[in-house]
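# Structural characterization, general
These are the residues of each chain, in order.
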Amino acid sequence: MRALRGLAVSVPVLLLSLVNGCSVTDEEAASSEANASVACEGGGVCSDRPLDPKSPWPKFRRGLRQDGRSPVRPRPSDVAPWSFKTGKGIFSTAVIDGDENVYIGSADTFFYALDRRGELRWKVKNGEVIDSSALLDDKGRVYYGAGDGFVRALDRRDGRELWRFQAAAPESTGGYINWFEGNVAIGPDGTLYVPNDNRHVYGLDRDAGRNKPGWPWTMNDQTWSLPAIDPTTGNLYLGNNYIAGYAWMTHFWRNTFALSPTGQELWGDGVQATIAASPMLSEGRMVVGAYDGYVRSYDQASGRVVWSFATNDHVYASPGRLSDGTIIQPSSDGTVYALDAESGALRWQFDTREPIRSSPAIDGDDNIYFGGGDGRLYVLDRHGALRWSRRLIKEDRNDFGGSPALGRDFIVIAGESGEIFATPYDYCLRAGAASDPDCVAGGGEAMPRDGANLLFTTPLGSVLAEPPPQVEANQPLAFTLTKREGGDTKLALIDDRTLKVTLDPPAPVDVDTSGDRRFVTIVPRNRFAAGADGKVKIRLRGDYLMSPTREGLLFSGGRRAGSFDQTFELALGAGGPAAEIPVPARPGDAAGVFELHRIAVPYPTVMPSYNQIGFDSLHYLVGMVEGTSERRVGWVVGGMLDAAGGTVVDPTTQVLFPVEATYKDGLLNLVNESGFTVKAMNFDMPFDVFRVSAHLGADGTPLSQPGVHVKTKCANIPFYGPFLAKLGFCNPTTDVLNVFGSTNIRPHAGGTTTMPAGVGDVRFSVAGGWVGGLVTNPTVTATITGSSLRADEHSFGVLLVDAATGRPVSLKYGLASTTTRTSTPAGKIASVTVNLPESARPARMRAYLMVDTYPAASQSL
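So, here is what we can say about the structure in this document. No experiment lies behind these values; they were computed from the predicted model shown.

### Notes on the overall build of the protein
Broken down by element type, the protein carries 4 helices and 63 strands. For the protein, the C-alpha atoms occupy an extent of roughly 95 × 65 × 55 Å along the three principal directions. Considering the protein as a whole, with its 861 residues, one finds that 63% of them fall into the buried category. Contacts in the protein between residues far apart in sequence, at least 24 positions, make up 59% of those at least 6 positions apart.

Listed below in structure tokens is the structure:
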């Protein structure tokens, strides 16, 4: 597009440009008649704003009002697509400058600057993951927040740091952490508005990097919602993660706000759901979706709800707007909805099989761009018909949590695979594109036929039209219900009272329906049995319900609308040669050790929306303690990355728990079914069942994607449990939160570890219990003398194993209320004590002093 210089524009066009975040097309400017003028670069934002005037996409949702609209129109070109791989997943949105350089952060803790060909210009290391989108201003700077609690201002030319601002510690604000997970906004006067997880929203001077008067503003909870800003008044509109416990509390505990530029509240409202999406301003309205599945339109001046529209799952994506005002809203139910701006009535919908968290970008021709949960970039026309789509992510870890950014020549989007992709606008419409298997031009939705269908769902959340040719014999399985009617996806729930699952050949399994009753898991107690043909036949039959009573996403009742009866014939892998995992017979022997990393929990769908980048950043080490070649006890310890990027034990971790491991023919199960609790995000997280299943090859790496299955009672989850129940993610009959996902597994540091040097002399003792007719909690203490190991450099614990059963004793090992440690004045470890209730005390037990993942000493008690 041509640069606009010295063109006359009419006052209405100028006002329209302000409403649209200062985007003016060539055609709009050329047709104007008045003398008012505005200088815009081709495809950029207006130069009288603090956003970069040359940038086609300078911030998340592009403009101040956040409608996701760009004046750029697709045009034929010979630009080649490119991709760039980072070290971990990306869950944020790129920004693009006037030279089409791309800026984005990754969960690998680096912030990247790439040129228009996808070559690295520079990168900057940060202290934690980055899932915050950056902002480009008119002074040549790029600003972004990171999980280490800092906002950084960099010179875009070379990545040189100009200043950094540190968020207040969470203990001083009532928060749990101080990550910057919200994106960066800017006001008409250049003030940077940056939400933080410590319950503060900061208003920063962009030159000095410090708070302006009136800021920060304190919220009830974490804030991921990026403020939309009225460019005329400078007022801010945003949401918050807070969920009121009861409907009547929303008057007092609100999570939707309008603020003045000086941090004064103008109005507030509350809904019983997290608002992670960023609002959009249009025609005197503020539109935003919430985790209760509703999209709401508010009167911008008063905060009155004008209308609401119900989707069938939580809303993570932010809305966009077509030129005629139609609101485009994706939902994690897999559907993009087009809504009438005045009434909220449905105009059309486009369905996919998997959750959509990607916010829509809209070009000057009203084409709609979004990333799907299936690794594809989709392009719809203004009527909801598919123009084209392109499969970008080729691996199973393929969700797009970030959103498209529209450059002049290409669309940029990044995903869970850690890759950044640039695709030219016409790529899948070029001559010869039909031979590209990743491109689909035109056609309809890739959805099942009308009726109720159960679809095989992979551990990483891919919902498949056809099941895979083979599954592992120990693999947890999941099946998702999809109901189609009249060519559209409709809300339907599995009636778990009528659900029956049978296997041929039979094998013991656990069957659980999810809280939202959209999927069912079938988990073998050990492994599935294969028939003579090498297959297992799994039959699922039951009824499904429609038209339930609804409170947010908590569905109850409903009418029986039909039934399903499907049999899946799945070939089972046969196992084969596998790596040796040594188990120490005595202290000093080598012990096998694995690392679990890049955890993904795609179901229930709310889990990635709340914490996928957090799951992706977790590292756990699992060491073998005792047992035989096929059955043994393992010890799980929380890990962290060292300065070189390698995984080491976190000395401060409160993630300590045992697992029972079975291993034969390469099939590995790591299971804890007796219950345990770990501390995460500063609160105690209980688990009833934890299971990791994998098929390991001869080098100890998986031959297929491992599966994860976790269950816990929502009533036992502190703080968040009642909210998860209200969101409908806890089964209303059993109160079980049923979690299905995956993790990567690899041998750690060569796959074995040995006795740490300098443990010293270790003696175990038991105290407490029945003493003189009084009951005190028994304790087991490992007293350590002569150790050279520092207490602050290692994780120390005492693991107890029931000598009669060979099973670990179920305790909250990681919590300070269970495990205490003392050290010498020189900081060396002196003792480790574990408390156990009398009811959990076995008659005979083996005690192990665990130093990191290694059983450094043991004694029968």
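### Some remarks on unusual backbone geometry
Note: most peptide bonds trans; most residues except glycine with negative phi. Across the junction of Asp-504 and Pro-505, the peptide omega takes the value -5 degrees, indicating a cis bond. Considering the arrangement of structural elements, one finds Pro-505 in the loop between strand E39 (500-504) and strand E40 (509-513). Cis geometry marks the peptide bond from Tyr-603 to Pro-604, where omega comes out at 0 degrees. In this structure, Pro-604 sits in the loop between strand E46 (591-603) and helix H3 (606-616). Phi at Ser-547 is positive, roughly 55 degrees, even though this residue is not glycine. One can find Ser-547 in the loop between strand E42 (535-546) and strand E43 (549-551). Backbone geometry places Arg-598, a non-glycine residue, at a positive phi of 55 degrees. Here Arg-598 shows up in strand E46.

### Describing the state of the cysteines
With the rule as written, the count across this model stands at 2 disulfides. Here Cys-428 pairs with Cys-439 through a disulfide, and the sulfurs are 2.0 Å apart. Taking the sign of the torsion about the S-S bond as the criterion, the disulfide between Cys-428 and Cys-439, at about -70 degrees, is left-handed. Note that Cys-428 is positioned in the loop between strand E32 (419-424) and strand E33 (439-441) and Cys-439 in strand E33, a separation of 11 residues in sequence.

### Some thoughts on the sheet that holds strand E19 (residues 285-289)
Paired through their backbone hydrogen bonds, the strands of a sheet run either parallel or antiparallel. One open sheet holds the 4 strands; their spatial order is E18-E19-E20-E21, and the pairing between them is antiparallel. With one partner strand each, in any of the chains shown, strand E18 (280-282) and strand E21 (305-310) form the two edges of the open sheet. Across the sheet, the mean angle separating the axes of adjacent strands is 20 degrees when strand polarity is ignored. Of the pairings in the sheet, the one linking strand E20 (residues 294-299) to E21 comprises 5 bridges and is antiparallel in character. Residue Val-295 lies in a different strand from E21, and its bridge partner there is Phe-309.

### What to know about the sheet that holds strand E4 (residues 110-114)
Strand order in the open sheet formed by 4 strands is E2-E3-E4-E5, and the pairing between neighbours is antiparallel. Strands with a single pairing partner mark the edges of an open sheet, and in this sheet they are strand E2 (95-96) and strand E5 (120-125). Examined bridge by bridge, strand E3 (residues 102-105) and E4 share 4 bridges and lie antiparallel to one another. By the bridge assignment, Ile-104 is partnered in E4 with Tyr-112.

### Side note on the pattern of salt bridges
In total, this model carries 45 salt bridges according to the counting rule given. A salt bridge links Lys-394 to Asp-438; the nearest nitrogen and oxygen atoms lie 2.9 Å apart. Of the two residues, Lys-394 is situated in the loop between strand E29 (386-391) and strand E30 (405-406) and Asp-438 in the loop between E32 and E33; the sequence distance between them amounts to 44 residues. When its relative accessible area of 46% is taken as the criterion, Lys-394 is described as partly exposed. Relative accessible area serves as the criterion here: at 13%, Asp-438 is assigned to the buried category. The network of salt bridges with common partners includes Arg-75, Glu-100, Arg-116 and Asp-409.

### Topic: the pairing of E20
With respect to burial, E20 is a largely interior element, 5 of its 6 residues being buried. Sheet topology places E19 next to E20; 5 bridges connect them, and they run antiparallel. Note on E20: the bridge partner recorded for Met-286 is Tyr-298. Counting the residues in the hairpin turn of E19 and E20 gives 4 residues, including Gly-293, whose phi is positive at 90 degrees. In this structure, the hairpin formed by E20 and E21 is closed by a connection of 5 residues, where Gly-303 is found at a positive phi of approximately 85 degrees.

### Notes on the environment of Pro-459
Positionally, Pro-459 belongs in the loop between strand E34 (451-457) and strand E35 (470-471). Distance from Pro-459 to Leu-477, taken between C-alpha atoms, is 7.7 Å for residues 18 residues apart in sequence. Contacts of Pro-459, omitting those with residues within four sequence positions, involve Gln-475, Pro-602, Gln-705, Pro-706, Gly-707, Phe-740, Gly-741 and Ser-742.

The rules behind the values
Residues numbered from 1 in each chain as written. Predicted model: local features only at pLDDT ≥ 70, side-chain atom pairs only at ≥ 80, totals over all residues. Heavy atoms only, no water. Helix = DSSP H or I, 4+ residues; strand = E, 2+ residues; numbered from the N terminus. Buried < 20%, exposed > 50% of the residue type's maximum accessible area, 1.4 Å probe, protein only. Contact = heavy atoms within 4.5 Å. Disulfide = S-S within 2.5 Å. Pairing = 2+ DSSP bridges. Axes fitted to C-alpha atoms, helices over the stretch in contact; angles between N-to-C directions. Salt bridge = Lys/Arg side-chain N within 4 Å of Asp/Glu carboxyl O.

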